[in-house]
Amino acid sequence: MSIDIAELVRVRAQHPEAIAEAAARRTRRPLLNTSGRLMIVAADHPARGALGVGDRKFAMANRADLLQRLVLALGRPGVDGVLATADILDDLLLLGALDGKVVMGSMNRGGLQGASFELDDRFTGHRPEDIERLGFDAGKLLLRICYDDPGSLTTLESTARAIDAMAERRLPVFVEPFISRRDDDGKLGNDLSAEAVTKSIAIASGLGGSSAYTWLKVPVTENPDDMAEVMATSTLPAVLLGGEVGGDQDGAYEKWRGALQLPTVRGLVVGRSLLYPADGDVAAAVDTAVGLL
């Protein structure tokens with residue numbers, strides 16, 4: 001699909017109600033299909049100021065290009081849906097690209113990449129009432145915990161309340177937990193050791209007054225052989241995240257393949273590595289990921 005930015009802007013300027021109308025007529029589906037697996041393409045990075053892909057600092061900054069990649073990915077067989085912020089989902093609604101797809105709203109994007117307040121990750125995106133009103137299917141939130149940063153406590157508490165609000169509406173919420181640390185230069189990084197990922201899963205699983213609608217969105221550990229023991233930490237259903245784009249995409253596929261065999265792992269939520277593959281072939285990258293399921 002060729003994305004006509006001028007037409008999107010015209011509709012937004014003259015008929016803003018068209019977004020709600022498109023949401024109301026969108027064809028919905030269950031979260032899980034008959035296979036019980038889930039393949040979601042993620043594109044909520046720009047709202048946190050995270051526009052880079054590998055060594056391309058502003059790869060995700062061109063909205064028409066991003067939308068074109070998303071529409072292509074959503075059209076591939078086996079792709080269940082998309083995770084994004086309101087601006088991107090509104091565009092996709094206007095483009096008619098979300099019929100029959102799982103739509104996940106990104107809830108907290110306040111922890112801007114590189115900011116001093118990055119760990120005080122306020123809920124600046126979709127609220128539970130927005131997800132319900134628009135007829136979307138789930139929400140997702142990021143939970144980075146740093147034992148040396150008081151901002152993490154604010155994020156923990158607000159995450160628990162968001163989980164409560166989603167459970168009240170019987171809406172699934174995907175919690176993406178990390179133990180995070182700053183290096184000597186102040187740059188924030190996520191600890192992917194087995195110990196850290198185990199702790200993050202244990203903490204995330206216990207948040208809120210009910211875990212009935214909570215899913216986990218977790219990374220593959222530094223040593224993929226640790227995943228079986230790490231994922232035994234919780235009975236909550238989980239999906240694997242894609243993480244940073246590296247040069248060894250085949251290695252990433254193999255890590256996902258092994259972890260997808262574990263009983264709690266139900267699918268993949270992957271963004272940049274599928275939308276911006278090193279060889280530029282979005283369709284092939286998506287099809288390979290789908291094949292792992």
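Reading guide: rules and limits
Residues numbered from 1 in each chain as written. Predicted model: local features only at pLDDT ≥ 70, side-chain atom pairs only at ≥ 80, totals over all residues. Heavy atoms only, no water. Buried < 20%, exposed > 50% of the residue type's maximum accessible area, 1.4 Å probe, protein only. Helix = DSSP H or I, 4+ residues; strand = E, 2+ residues; numbered from the N terminus. Contact = heavy atoms within 4.5 Å. Polar contact = N/O pair within 3.5 Å; in protein donor to acceptor, adjacent residues only side chain to side chain. Axes fitted to C-alpha atoms, helices over the stretch in contact; angles between N-to-C directions. Parallel < 35°, antiparallel > 145°, perpendicular 65-115°, else oblique. Nonpolar A, V, L, I, M, F, W, Y, C, P; charged D, E, K, R; others polar. Pairing = 2+ DSSP bridges. Salt bridge = Lys/Arg side-chain N within 4 Å of Asp/Glu carboxyl O. Phe/Tyr/Trp six-rings, centres within 6.5 Å; stacked < 30°, edge-to-face > 60°. Left-handed = near helix turned anticlockwise from the far one by under 90°. Core = buried A, V, L, I, M, F, W, Y, C linked by side-chain atoms within 4.5 Å.

Chemist: Just give me the short version of helix H11 (residues 282–292), but keep the residues and values in it.
Modeler: Among the residues making up H11, those that are buried are Val282, Ala283, Ala285, Val286, Ala289, Val290 and Leu292. Those residues of H11 that are buried lie in contact with strand S1 (38–42), helix H3 (63–74), helix H9 (249–259), strand S9 (265–270) and helix H10 (272–275). The backbone nitrogen of Ala283 lies 3.4 Å from a side-chain oxygen of the residue at the head of H11, namely Asp281.

Chemist: Can you explain unusual backbone geometry? Please cite residues and give values.
Modeler: The phi dihedral of Arg170 is positive, around 55°, even though this residue is not glycine. Following the sequence through the fold, Arg170 ends up in the loop between helix H6 (151–168) and strand S5 (173–182).

Chemist: Can you break down the packing of helix H1 (residues 5–14) against helix H4 (residues 86–94) residue by residue, with the values?
Modeler: Orientation of H1 relative to H4, taken along the N-to-C sense of each, is 100°, at an axis distance of 11 Å. With respect to H4, the axis of H1 lies roughly perpendicular. Taking contact as the criterion, the partners of Leu8, Val11 and Arg12 in H1 are, on H4, Asp87, Asp90, Asp91 and Leu94. Grouping the amino acids of the contact of H1 with H4 by side-chain chemistry returns three nonpolar, no polar and four charged.

Chemist: Can you tell me about the pairing of strand S4 (residues 138–145), naming the residues and giving the values?
Modeler: Burial runs high along S4: eight of the eight residues are buried. Residues of S4 alternate between two faces, with Ala138, Lys140, Leu142 and Arg144 on one and Gly139, Leu141, Leu143 and Ile145 on the opposite face, all of them buried. Examined bridge by bridge, strand S3 (residues 102–106) and S4 share three bridges and lie parallel to one another. In the strand pairing of S4, Gly105 is matched with Gly139.

Chemist: Can you tell me about the pattern of salt bridges, naming the residues and giving the values?
Modeler: Close approach of charged atoms allows side chains with opposite charge to pair. For the structure on display, the rule yields 24 salt bridges. Of the charged contacts, one joins Arg48 and Glu118 as a salt bridge, the two residues approaching to 3.3 Å between their closest N and O atoms. Placement of the pair is Arg48 in the loop between S1 and H3 and Glu118 in the loop between S3 and helix H5 (128–133), with a sequence separation of 70 residues. No difference in accessibility class separates Arg48 from Glu118, as the two residues are buried.

Chemist: If you had to explain the packing of aromatic side chains to someone new, which residues and values would you point to?
Modeler: A complete count under the given rule lists two aromatic pairs for this structure. With 4.9 Å between their ring centres and 25° between their planes, Phe174 and Trp215 make a pair best called stacked. Placement of the pair is Phe174 in strand S5 and Trp215 in strand S7 (residues 214–218), with a sequence separation of 41 residues. Judged by relative accessible area, which is 0%, Phe174 ranks as buried. Residue class for Trp215 comes out buried when judged on its relative accessible area of 8%. Pairing Tyr253 with Trp256 gives two aromatic rings, centres 5.6 Å apart and planes at 75°, and the pair type is edge-to-face. Of the two residues, Tyr253 and Trp256 are both situated in helix H9; the distance of three residues between them amounts to about one turn of the helix. Given a relative accessible area of 8%, Tyr253 falls into the buried group. Under the relative-accessibility criterion, Trp256 is labelled buried at 3%.

Chemist: Give me the packing of H3 against H11: which residues, what numbers.
Modeler: Axis separation between H3 and H11 bottoms out at 9 Å; the angle between their running directions is 40°. What the angle tells us is that H3 and H11 run oblique. For the pair H3 and H11, the crossing hand works out as right-handed. Contacts between H3 and H11 involve Arg69, Leu72 and Ala73 on the former and, on the latter, Val282, Ala283 and Val286.

Chemist: Lay out the nonpolar core in plain terms, naming residues and giving numbers.
Modeler: Ranked by size, the top nonpolar core spans 77 residues in total, and within it Leu70, Leu92, Met231, Leu240 and Trp256 carry the most contacts. Excluding its chain neighbours within four sequence positions, the residues that come into contact with Leu240 are Val218, Val220, Met227, Trp256, Ala259, Leu260, Val265, Gly267, Leu268, Val269 and Val270. Counting 12 residues, the second largest nonpolar core, distinct from the first, contains Ile40, Ala42, Trp215 and Val239.

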